Amino acid sequence: MVAAKKTKKTHESINNRLALVMKSGKYTLGYKTVLKSLRNSKGKLIIIANNCPPLRKSEIEYYAMLCKVGVHHYNGNNVDLGTACGKYFRVCCLSIVDPGDSDIIKNMPGDH
């Protein structure tokens, strides 16, 4: 019970920070633009949905490892990630280029 509540709380805080990035920061949505931002070493943090295809996920993780960029595996699927971004479409992965007013990069709960 306690663990479930804690994961829900961190999930909500990630969504709040993500909404702040969408308002005040710069980001790229989608697989191709995430790879472009990693190649140009512009991305600061990569967020991947949990139902992203394994080959795509491993390729993004490999690029991020080469660029020394943090990767966060989002708990929800791509529909949930799209909703958290305030979009009406699915988002498999996104790259945060400039966090804006959000502190999402400094204290991201979880694994990065």
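Below you will find a few notes about this structure. (Residues numbered from 1 in each chain as written. Predicted model: local features only at pLDDT ≥ 70, side-chain atom pairs only at ≥ 80, totals over all residues. Heavy atoms only, no water.)

Some thoughts on unusual backbone geometry
Right, so step 1: At Ser41, a residue that is not glycine, the phi angle is positive and equals roughly 50°.
Right, so step 2: With respect to the helices and strands, Ser41 occurs in the loop between α2 (31-39) and β2 (45-48).
Right, so step 3: Residue classification places Ser41 among the exposed residues on the basis of a relative accessible area of 58%. (Helix = DSSP H or I, 4+ residues; strand = E, 2+ residues; numbered from the N terminus. Buried < 20%, exposed > 50% of the residue type's maximum accessible area, 1.4 Å probe, protein only.)

Description of the packing of α2 against helix α3 (residues 54-67)
Right, so step 1: One way to put it is that α2 packs onto α3 with a least axis distance of 9 Å and a crossing angle of 15°. Relative to α3, α2 is oriented roughly parallel. In this structure, α2 crosses over α3, and the sense of that crossing is left-handed. Only Arg56, Glu59, Ile60, Tyr63, Ala64 and Cys67 of α3 make contact with α2, whose side of the interface consists of Tyr31, Val34, Leu35, Leu38 and Arg39.
Right, so step 2: The residue inventory of the contact of α2 with α3, partitioned by class, reads eight nonpolar, no polar and three charged. (Axes fitted to C-alpha atoms, helices over the stretch in contact; angles between N-to-C directions. Parallel < 35°, antiparallel > 145°, perpendicular 65-115°, else oblique. Left-handed = near helix turned anticlockwise from the far one by under 90°. Contact = heavy atoms within 4.5 Å. Nonpolar A, V, L, I, M, F, W, Y, C, P; charged D, E, K, R; others polar.)

By themselves, these are just geometric observations and shouldn't be taken as functional.
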